[in-house]
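Understanding the architecture of this molecule
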Amino acid sequence: MKNGITIGMDLGDKFHIAVAFDSEGNELGSTEVRNTKSGIKKYFREYEGATVAMEAGTHSPWISRFLTEELNCRVHVGNPRKLRFIWDSNDKSDERDARMLGLVCRVEPRLLSVLHHRSRQAQADLCVIKSRNKLVQVRTQLVNHARGLVKSIGERLPKCSGASFSRRCADCIPEELELALRPILESITALNGKIKELDESILLMSRDQYPETALLLQVPGVGPVTALTFILTFEDPSRFEKSRQVGPFLGLVPKRDQSGTNDKQLHITKAGNTYLRQLLVNCSHHILGQYGQDSLLRRHGQAIAARGGKNAKKRAAVAVARKLAVLLHHLWVSGEEYEPFYNALSQKAA
């Protein structure tokens, strides 16, 4: 066991660069490690139990799990967005990056802004949702392609959803575009079938493996995809001491650049999981939309939108998304029944 050894790893697609340091900070050497389980195991056979620092990336989830579970290493996965001392350099190289990771980890691992990777099972389940999202994106591209071609000859296809596009528009295709668009409609029909299969899988997964999603589905406007993505992204609700910490974690709070009396108004940070943030903003648009139910969330967004000004509606949607994230985490932790006017009732009781 090498408890006093610290290793910085710069991860690559085929090879990694590893720089090892002893307990006193002396560099033991730089090594090229093949990006396979056998290659990693061969290198760490000498450094079992060491402390390892790496940046988050494509391979960091499985490598960090492999080092922790198989080789008893203590792994710190740094946030690339926070590691300015690595990417902002006039002499950047893989070996230097690995060396800097190791040195910083020796001094204070918290300077790496350490990230938490989800479990293997949670990552596999989240891939189902990501695959569904990709199929929906492809369907949208095909629908837009078809509409664009029809517009180019002076006609239009009827308005409809992506799920009903091939059925509603099959008889509206101009004769001269029949050869061009018939395969597109057939592809959209096939995509609809695959998306429906994944929707059923997500519902089944939520019911059998993640019953806590039922707590989140109490909120009108939150669907099965958003609820399950929220659960799988965080995996453990105890990661946050307070539910209010979820908003900054997902990048739904403004950046800050304050000096003296100057405090600039900046855009949101957009840190954290991009897909979950997009889902929450979509939910907030539904809450603020025509079919949204009356609630404190809706009234909060309407009050912000009523102030007017540039991008007032966008700011309202982001604000509602932030409050929605806090609410979902609170419901998950407490197991309470959702009450649309919880704060108002509490104040009245007081």
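Our subject in this report is the structure included herewith. Model, not experiment: these values are computed from the prediction. (Residues numbered from 1 in each chain as written. Predicted model: local features only at pLDDT ≥ 70, side-chain atom pairs only at ≥ 80, totals over all residues. Heavy atoms only, no water.)

1. Comments concerning the layout of surface pockets
Roughly 1100 Å³ of volume is contained in the largest pocket. Considering every element that reaches the lining of the largest pocket, the biggest residue donor is helix 5 (residues 120-151), with four residues. Taken together, the residues of the lining of the largest pocket break down into 12 nonpolar, 14 polar and six charged. (1 Å grid on protein atoms, 1.4 Å probe; cavity = no way out; pocket = protein on both sides within 12 Å on 5 of 7 lines; lining within 4 Å. Points joined across faces, edges and corners; volume = space filled by probe spheres on them. Helix = DSSP H or I, 4+ residues; strand = E, 2+ residues; numbered from the N terminus. Nonpolar A, V, L, I, M, F, W, Y, C, P; charged D, E, K, R; others polar.)

2. Topic: helix 4 (residues 94-107)
Taking 1.5 Å per residue as the helical rise, helix 4 with its 14 residues ought to reach 20 Å, and the 20 Å between its terminal C-alpha atoms agrees with that figure. By the burial criterion, the buried members of helix 4 are Arg96, Asp97, Ala98, Leu101, Gly102, Val104 and Cys105. Tucked into the core, helix 4 has its buried residues touching strand 1 (6-10), strand 2 (15-21), strand 4 (51-55), strand 5 (74-78) and helix 3 (84-87). (Expected span 1.5 Å × (residues − 1). Buried < 20%, exposed > 50% of the residue type's maximum accessible area, 1.4 Å probe, protein only. Contact = heavy atoms within 4.5 Å.)

3. Regarding the pairing of strand 5
Most of strand 5 is tucked away: four of the five residues are buried. In this structure, strand 4 lies alongside strand 5, joined through five bridges in parallel fashion. Within strand 5, the residue paired with Ala53 across the bridge is His76. At this point the chain moves from strand 4, through helix 2 (residues 60-71), to the parallel strand 5, and the crossover so formed is right-handed. (Pairing = 2+ DSSP bridges. Right-handed = clockwise from strand over helix to strand, strands pointing away.)

4. Here we look at unusual backbone geometry
The backbone phi angle of Ser113 is positive, close to 50°, even though this residue is not glycine. Position of Ser113 among the secondary structure elements: in the loop between helix 4 and helix 5. Accessibility expressed as a relative area gives 28% for Ser113, which makes it partly exposed.

5. Focus: the packing of aromatic side chains
Tallying each qualifying case throughout the model produces seven aromatic pairs. Measuring from centroid to centroid gives 5.1 Å for Tyr43 and Phe44, while their planes differ by 90°, and the two rings are edge-to-face. With a relative accessible area of 0%, Phe44 lands in the buried category. Aromatic pair Phe230 and Trp332: ring centres 6.2 Å apart, planes at 65°, arrangement edge-to-face. On the criterion of sequence distance, the pair formed by Phe230 in helix 9 (residues 224-234) and Trp332 in helix 13 (residues 312-334) is long-range, its members being 102 residues apart. Here Phe230 matches Trp332 in class, with each residue buried. Connected via pairs of aromatic rings, a cluster forms that spans Phe230, Phe234, Phe240, Phe249 and Trp332. (Phe/Tyr/Trp six-rings, centres within 6.5 Å; stacked < 30°, edge-to-face > 60°.)

6. Re the sheet that holds strand 5
Strand order in this open sheet of five strands is 3-2-1-4-5, and the pairing throughout is mixed. Edge strands, defined here as strands with exactly one partner in the open sheet, are strand 3 (27-34) and strand 5. Strand-to-strand, the axes of this sheet are offset by a mean angle of 20°, without reference to chain direction. Judged from the five bridges that link them, strand 1 and strand 2 form a sheet pairing that is antiparallel. Note on strand 2: the bridge partner recorded for Asp10 is Ile17. Helix 4 contacts strand 1, strand 2, strand 3, strand 4 and strand 5 of the sheet and is inclined by roughly 145° relative to strand 1. (Axes fitted to C-alpha atoms, helices over the stretch in contact; angles between N-to-C directions.)

7. Quick notes on the environment of Glu95
You can see Glu95 is positioned in helix 4. Look at Glu95 and you get partly exposed, because its relative accessible area is 35%. For the pair Glu95 and Gly193, spaced 98 residues apart in the sequence, the C-alpha separation amounts to 48 Å. Once residues within four sequence positions are removed from consideration, Glu95 is found in contact with Ile17, Val19 and Ser30.

8. Topic: the pattern of salt bridges
Summed over the entire model, instances satisfying the criterion amount to 11 salt bridges. For Asp97, the salt bridge goes to Arg96, with nearest N and O atoms at 3.9 Å. A salt bridge links Arg207 to Asp208, with the shortest nitrogen-to-oxygen separation between them at 3.0 Å. Connected through shared salt-bridge partners, Glu27, Glu95 and Arg99 make up one network. (Salt bridge = Lys/Arg side-chain N within 4 Å of Asp/Glu carboxyl O.)

9. Remarks on the environment of Arg322
Structurally, the position occupied by Arg322 is in helix 13. Sequence spacing of Arg322 and Asp208 is 114 residues, and the spatial spacing of their C-alpha atoms is 29 Å. Setting aside its immediate chain neighbours within four residues, Arg322 contacts Gly247, Leu252 and Val253.

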